[in-house]
Amino acid sequence: MTILPPEPNLDALRQQLARLRGDRGWTYDELAERTALSRRTLIEIEQGRTVGSLATWHALGHAFEVPLGGLFAALCEGHAPPGGTPK
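Analysis parameters
Residues numbered from 1 in each chain as written. Predicted model: local features only at pLDDT ≥ 70, side-chain atom pairs only at ≥ 80, totals over all residues. Heavy atoms only, no water. Salt bridge = Lys/Arg side-chain N within 4 Å of Asp/Glu carboxyl O. Helix = DSSP H or I, 4+ residues; strand = E, 2+ residues; numbered from the N terminus. Buried < 20%, exposed > 50% of the residue type's maximum accessible area, 1.4 Å probe, protein only.

Peer 1: Account for the pattern of salt bridges, with residues named and values stated.
Peer 2: Under the definition given, this model contains 4 salt bridges. A salt bridge links Arg39 to Asp29, with the shortest nitrogen-to-oxygen separation between them at 3.2 Å. One end of the pair, Arg39, is in helix 3 (residues 39–46); the other, Asp29, is in helix 2 (residues 28–35), and 10 residues separate them in sequence. Its relative accessible area of 46% is what places Asp29 among the partly exposed residues. Put simply, Arg40 and Glu44 hold a salt bridge, and the shortest N to O gap is 3.0 Å. Of this pair, Arg40 and Glu44 both sit in helix 3, 4 residues apart, which is roughly one turn of the helix.

Peer 1: Could you give an account of unusual backbone geometry, with specific residues and numbers?
Peer 2: Within the chain, Ala36 stands out as a residue other than glycine whose phi angle is a positive 65 degrees. Relative to the assigned elements, Ala36 resides in the loop between helix 2 and helix 3. On the accessibility criterion, Ala36 (73% relative accessible area) is exposed. One non-glycine residue with positive phi stands out, namely Glu65, at about 60 degrees. Using a relative accessible area of 74% as the deciding quantity, one classes Glu65 as exposed.

Written out as structure tokens, the structure is:
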């Protein structure tokens, strides 16, 4: 019997991106300049059309001064993270 992990909460991840950007008052253009990512990529991530690569999230983490673990913790919203307790 195979036990599958719960689905990652991608909505929480993209909402966190929007919240971080909004808290700083940054436009898509400003965040694009800080990350060297395209404005279109940022919009597509926030709107849930794409997830983005690890390199994309790495750049976002640096722009927001948030470690990747802090960004990706949102993926476990609604279920217990591995080795942890539910959020």
